[in-house]
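Here's the letter readout for the chains.
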Amino acid sequence: MKINDVASRVSWQVADAAQPSRTITLNGWDFGGQGPLALLHHANGMCAAMWAQVAVQLTDHYRVFAMDARGHGDSAQLKVPDDYDWLYFANDVAEVARQLCQTFGQGQIAHGIGSSFGGIVTASAAADHPGLFARVTMLDPPIHSRADVLAALSMEVGPTNSERAGLVEQTLKRRDVWPDRKTAHAAWRDKPLFAPWQDAAFDLYVEEGMRELASGEVQLKCSPQVEAHIFQTTGDLGVLDYAPRVTVPVTLVHARRGFFEADFFRGVTTLFPHNRFLQLDAGHMLPLEVPDQVVDVLLDRE
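Report follows, based on the coordinates. (Residues numbered from 1 in each chain as written. Predicted model: local features only at pLDDT ≥ 70, side-chain atom pairs only at ≥ 80, totals over all residues. Heavy atoms only, no water.)

## Things to note about the nonpolar core
Soluble globular proteins: nonpolar side chains tend toward being buried together. To keep it simple, the criterion reads: Buried residues of nine kinds, namely Ala, Val, Leu, Ile, Met, Phe, Trp, Tyr and Cys, make up a nonpolar core once their side-chain atoms join them within 4.5 Å. Burial classes follow relative accessibility: with a 1.4 Å probe on protein chains only, a residue under 20% of its type's maximum area counts as buried, one over 50% as exposed, and anything between as partly exposed. Helix and strand definitions follow DSSP, with helices as H or I runs of at least four residues and strands as E runs of at least two, each counted in order from the N terminus. In this description, contact between two residues means that some pair of their heavy atoms is separated by no more than 4.5 Å.
By size, the foremost hydrophobic cluster in this structure holds 54 residues, and its most contacted members are Leu 39, Phe 133, Met 138, Val 239, Tyr 242 and Phe 272. In terms of residues, this core owes the most to one element, helix H3 (residues 86–104), which gives 9 residues. Sequence-distant contacts of Tyr 242, defined by excluding residues within four places in its chain, comprise Ile 120, Ala 123, Ser 124, Ala 127, Met 138, Ile 143, Leu 237 and Phe 272. Formed by 50 residues, the second largest nonpolar core is a distinct cluster that contains Trp 29, Ala 55, Val 218 and Leu 299.

Take a look at the structure:
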């Protein structure tokens, strides 16, 4: 699947919460479609184009947009760590959502959909801006078992998460410049992160997640420094803060073969006033592993 065959580029100029006097450019993709608005936000280190397999199946029900977060895809590349507070990501979601509503004359985003960290920043935007979203779906968001969350859930012992040990260090060591896409493709395809992905999703990552340099080499659009910083600061948006303030229906989808314990996630789901807990038999990167099942969840066909 080529992204240009199914979507067109779009950009938004938004006020930067990091520096209110500054405007930054956020880019994304317009997948077209009919009906109310849906806004999709990718996982850490990914980009908007990688929603293609899901987005094209939503266009009979929604007008579908996907955005590149700051520091990802073709959006603004900013200073680490100053410009990458999680609150800034959430503010960007809200700003894009407002502009879409204004452009299409709709009162709200009918469905805010986020994968991994994208789910957290979308839910936080919904909490901070009541009425901006009618519904939110969080696909395996990285909500960890901090002591305050465990206490709120009356859980004495939190789940262990050995999978995340050394994640920041590993990310910072990641090679981000390659001779060409073919070399990167061959080196990455069988890595544990990518092995479960569908071929179409992996091909989109190699094609759209990398930019060409003047030297002829290719480079990851999301730098390891940005990705590592997001991993390191996961939890800065506390679920105990934003979850009770999301007044619209929230679906939290747990990946059975992911990093997080199901019982803990069931408990986290109850922190949202209007909640639904679902599971899919796949790994953490649900839209890239089981896109058809994700679509069934998003369209209430599960």
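## Brief notes about the sheet that holds strand S9 (residues 218–220)
Selection criterion: One bridge is not enough; two strands pair if DSSP finds at least two bridges between them. Note on geometry: axes are C-alpha line fits, over the in-contact stretch for helices, and angles between N-to-C directions span 0 to 180 degrees.
Across the sheet, 3 strands lie side by side as S7-S9-S8; this open sheet has antiparallel pairing. Either end of the sheet is taken by a strand with one partner, and the two such strands are strand S7 (177–178) and strand S8 (210–212). Note that S7 and S9 share 2 bridges and pair antiparallel. In the sheet register, Trp 178 faces S9, and the bridge partner there is Val 218. Of the strands in this sheet, S7, S8 and S9 touch helix H7 (residues 181–188), which is tilted by about 155° from S8.

## Topic: the sheet that holds strand S2 (residues 23–33)
Spatially, the 8 strands line up as an open sheet ordered S1-S2-S4-S3-S5-S6-S10-S11, and their pairing is mixed. Looking at the sheet topology across the chains shown, the edges are occupied by strand S1 (8–15) and strand S11 (275–280). Along the sheet, successive strands turn relative to each other by an average axial angle of 20°, direction set aside. Pairing of strand S10 (residues 250–255) with S11, which is carried by 6 bridges, proceeds in the parallel orientation.

## Looking at H3
Filter applied, for reference: The span you would expect from a helix comes to 1.5 Å times its residue count less one. As used in this structure description, the phrase polar contact means that two N or O atoms lie within 3.5 Å; if the pair is within protein, one of them must be able to donate a hydrogen and the other to accept it, and residues adjacent in sequence are counted only when both atoms belong to side chains.
For H3, with 19 residues, the first-to-last C-alpha span of 28 Å sits near the 27 Å given by 1.5 Å per residue. Regarding H3, its N-cap is Asp 85, as a side-chain oxygen of that residue lies 2.7 Å from the backbone nitrogen of Leu 87 further along. Phi turns positive one or two residues past the end of H3, at Gly 105, with a value near 65°.

Any link to function would need more than the numbers given here.
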